[in-house]
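Structural features, examined
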Amino acid sequence: MAPQSRPSARFRPSDVVDFVIVGSGAAGGIIAKELSTAGHTVVVLEQGPRLSERQFDHDEFGTFMRGHNINDPATQPHTFRPTPQETAQRRQVLVYGRLVGGSNAHFTGNFWRMRPSDFNEASRLGGVPGTGLVDWPLTYEELEPYYTKAEWELGVSGEPGPFDPPRSRPYPMPPLPVKSSGVLLERGARALGLHPQPSQMAINSRTYNGRPACQHCGFCLIFMCEFRAKSTSMAVMLPIAEATGRCEIRSDSYVAQVEVGRDGRATGVTYFDAQKRMQRQRAKAVVLCANGSETPRLLLNSASGRFPQGLANSSGVVGKYLMFNTYFEVSAQFEQPLNEYKSIQNTRMVLDFYETDPKRGFYGGGGIDARFGKYPITFALEGLPRNAPTWGEGFARELSRQFPRTMAFGCHGTSLPLETNSITLDPTLKDAWGLSCMRTTYTDHPDDLKNAAFLGGHATDMAHAAGALAVWAAPVVAQTLAVHLLGTCRMGNNPRTSVVDRYHRTHDVRNLFICDGSSMVTSSRGQPTETISALAFRAGEHIADFAKRGQI
Amino acid sequence: MAAGAVWAAADLFEIEEALAFASQQTSANLTAQTRALTPAQADVVSALTSRILPAVDGRPGAREAGALAFIDRALATFNAAQRPLYTEGIADLNRRAQAKVTGAAGFAALASGQQDEVIREIEATPFFQAVRLDTIVGTFALPSWGGNRDYMGWHLLGLEHQMTFQAPFGYYDADANRRN
């Protein structure tokens, strides 16, 4: 049941709490809940504001074009360059949620497990030359109980598919009602001998633990759920953490540095409060869950005489092996209205192309789902085929006719980990707080783009087989916009080649832990949130255990 | 908990209503008096919006949805940097209109077919691209931004703005959802 509301704990920055957690998203919320329910005092620092359901809106312009609730390019600019040989230019490439709840608060709800094969792909395939593809220090079997825990504690709707990895419990909720796009994907997939299945979504299909079922308003993608039907850290984990009376969620707190004492142990963090005053939160241990871009930036900004390359960076791999996942979309128009603007983004998907198949001649795999991915403005700007009118009576007629009749086949694919794809500090640019901004260097590996085109080809075939009247896609090009920020503090057993160990403890600083998208060793097949959530449940349990045994 | 959801929804509708009301007030004022554009400039922009996204087949277009109110408010505030682009683009349109029809008062005074001919001459310019983008945003952004009066823009897309829907959602899922 929903936790009883109790006054949340309040700590002074000078109090030495057991844990300070930086970030309140998918990982931060779960770890806050795990540590506080295990009896520890916790302060969660979140750079964004705290919003209630009453403050959420369906403001496409504000969100997509004015930076509402996301990292703000005006105050937190960052720079981008495709390769290390180039000078980075100021450009908004990375997008993440900037509010209590993090990116997880506005995510679409896709909740995929990885498969056993994801964890040891490098050794099975014999590696991919010129890349940093390595095995995870974990197996699927070790993570499985935490996938299950994530599904049951958060609340996931779905049903088993033909390629699912082994699971110890069924889904807690049945799938959400199929949409027209899902029916059409099924039709196309079956005609081609593929195996469509219901999409697994962290969205309630019925009342679950006191939260209501989805009301099908249609604003999941990059919007927060007014009904708390989306199973997020914000809706589920943070309330439990606060109800312990041992956890304070401190919003508008922008962390500048992790502080380290003379003994090489973390002593807490410094942060700017809402009035831009520097504060120092002391803690016995620090957990970074700030996402795959902010976590490495924070470590690099925490360089000191003792840690000249940045904190926890004796390996030199902090910030490296950044992975975005590829996303490629094939659009299709049908004769009758689908009304894709209603309900959740996607209800059916195909995972037949999940595994890497050496016969294809490139590394990678992924999934294809049925979705809309557009709101009114984005539809008017880019929802019609390229040969459609762009103004005039024809434009008006086509918008009216096609808005209800259009869907997309979304192709979610792998990204290879490359040492040159990275988050570093920009040498000159500072943010509004005077901190060094992040600089992103990124070029998709050629295999990533081949895989995107390969998935796109199958999506095109499915659209035709489903009876689409028109099918089109933009060319596959290198990605310059990312919402999945993965791999930049990779997990591993070897302190020379990884940042955290298999329990998310940094190799270099005994009481500094990292768990978020940065921990991921490989990119998943384009839907990393359930893996980040499972890692967080596992990390939270182990960190609490270490604390109990005096091993921090 | 269902009651909680209903409460949340009721509350949202109140917020939406308040926003819509505020926007109507603003729109009404803006039609009478623009802040960034002169009345003559506003006539040109209004005519442009109605050619970019005209009212067709009995549905409202950008002019009816009040895209002009959004554009003017944006130029007066967060989009002020584009005022010179608008000023010069509007003057250019008027010159072209006068070159096309001797004695014409300006672009706004042309017949719609003549307006389209002039637009075809400037389709590729940054000015036209800016007005096109702003017309789309002014038609489809939430009414609280100044346009999309009474959600007219969403109506023209066939989008009903409701917080709650029930399956079936469209034509192709009707059978599947009836079976369940």
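It should be noted that the structure appears before, not after, this text.
Residue positions are counted from 1 within each chain, in the order its sequence is given. By the order in which they are written, chains take letters starting at A while ligands take numbers starting at 1. The model is predicted, so local features are restricted to residues of pLDDT at least 70 and side-chain atom pairs to those at 80 or more, both for listing and for counting; the totals for chains, interfaces and linings are taken over all residues.

**Thoughts on the overall build of chain B**
In plain terms, the rule: Helical segments are the DSSP runs of H or I of at least four residues, strand segments are the runs of E of at least two, and each set is numbered from the N terminus. Note on burial: count the other C-beta atoms lying within 10 Å of the residue's C-beta; 20 or more is buried, 12 or fewer is exposed, in between is partly exposed, and C-beta positions come from the backbone. Residues are scored as being in contact if the C-beta atoms we place from backbone atoms lie within 7 Å.
For chain B, the count of helices and strands is 8 helices and 0 strands. Along chain B, helices (α) and strands (β) appear in the sequence α-α-α-α-α-α-α-α when read from the amino end. Scored against the burial criterion, the 180 residues of chain B give a buried share of 44%. By sequence separation, contacts in chain B at least 24 residues apart represent 62% of the contacts at least 6 residues apart.

**As for the overall build of chain A**
This is how the line gets drawn: When we talk radius of gyration, it's over C-alpha atoms, and the globule rule is simply 2.2 Å times the number of residues to the 0.38.
When you go through chain A residue by residue, the secondary structure sums to 12 helices and 17 strands. Taken over C-alpha atoms, the radius of gyration comes to 22 Å for chain A, in line with the 24 Å a tight globule of 552 residues would show. Dimensions along the principal axes, computed over C-alpha positions, put chain A at roughly 70 × 55 × 50 Å. In chain A, of all internal contacts separated by at least 6 residues, the share reaching a separation of at least 24 is 74%.

**Comments concerning the interface of chain A and chain B**
Taken together, the 43 residues of chain A in the interface contact 41 residues of chain B. Every element with two or more residues in the side of chain A that touches chain B is listed here: helix H2 (60–65), helix H6 (180–191), helix H9 (376–382) and helix H10 (393–402) of chain A.

**Examining the sheet that holds strand E13 (residues 406–413) of chain A**
Residues and elements named next belong to chain A. We count it as follows: Paired strands are those between which DSSP finds at least two bridges. In this description, a line fitted to the C-alpha atoms serves as the axis of each element, helices being fitted only across the stretch in contact, and the angle between N-to-C directions of two axes falls anywhere from 0 to 180 degrees.
Pairing in this open sheet of 6 strands is antiparallel, and the strands run E5-E11-E12-E13-E10-E16 from one edge to the other. Since the sheet does not close on itself, it has two edges, and those belong to strand E5 (196–198) and strand E16 (470–472), each with one partner. Ignoring which end each strand starts from, the neighbouring axes of this sheet average 25° apart. Two strands pair when backbone bridges link them, and strand E10 (residues 326–333) and E13 are joined in this way by 8 bridges, in the antiparallel orientation. The partner of Ser331 across the bridge, within E13, is Ala408.

**Some details on the packing of helix H2 (residues 39–52) of chain B against helix H3 (residues 67–76) of chain B**
All names here are of chain B. Spelled out, the test is: We call two directions roughly parallel when the angle between them is under 35 degrees, roughly antiparallel when it is over 145, roughly perpendicular when it lies between 65 and 115, and oblique otherwise. Handedness of a crossing follows from how the near helix is turned relative to the far one, being left-handed for an anticlockwise turn of less than a right angle and right-handed for a clockwise one.
Axis separation between H2 and H3 bottoms out at 9 Å; the angle between their running directions is 130°. One way to sum up the angle between H2 and H3 is to call them oblique. Crossing angle aside, the handedness with which H2 passes H3 is right-handed. Of the residues in H3, those in contact with Ala42, Val45, Ser46 and Thr49 of H2 are Ala67, Leu68, Ile71 and Asp72.

**Some points on the pairing of strand E12 (residues 366–371) of chain A**
All names here are of chain A. Taking burial as the measure, the 6 residues of E12 include 6 buried ones, the bulk of the element. The alternating pattern of E12 places Gly366, Ile368 and Ala370 and Gly367, Asp369 and Arg371 on opposite faces, both of which are buried. Here 6 bridges tie E12 to E13, and the two strands are oriented antiparallel to one another. Across the sheet, residue Asp369 finds its bridge partner in E13, namely Gly410.

**Let's talk about helix H12 (residues 529–548) of chain A**
Residues and elements named next belong to chain A. Counted only if it meets this: Expected span of a helix, by definition, is 1.5 Å for each gap between consecutive residues, and there is one gap fewer than residues.
With 20 residues, H12 extends 28 Å from end C-alpha to end C-alpha; this agrees with the ideal 28 Å at 1.5 Å per step. Among the 20 residues that make up H12, 14 are buried, leaving the element largely enclosed by the rest of the structure. Two residues or fewer after H12 comes Gly550, characterised by a positive phi angle close to 65°.

**A short note on helix H5 (residues 140–155) of chain A**
Those residues of H5(A) that sit buried are Leu143(A), Tyr146(A), Tyr147(A), Thr148(A), Lys149(A), Ala150(A), Glu151(A), Glu153(A), Leu154(A) and Gly155(A). On its buried face, H5(A) sits against helix H7 (233–243) and H12 of chain A.

**Remarks on the sheet that holds strand E3 (residues 79–81) of chain A**
Residues and elements named next belong to chain A. An order of E4-E3-E15-E14 is seen for the 4 strands of this open sheet, with the pairing classed as mixed. Pairing within the sheet leaves two strands with one partner each, and these edge strands are strand E4 (89–90) and strand E14 (422–430). Pairing geometry for E3 and E4, over 2 bridges, is antiparallel. Bridging across to E4, Thr79 finds its partner in Arg90. Those strands touched by helix H8 (residues 294–301) are E14 and strand E15 (436–441), and its axis lies near 60° from that of E14.

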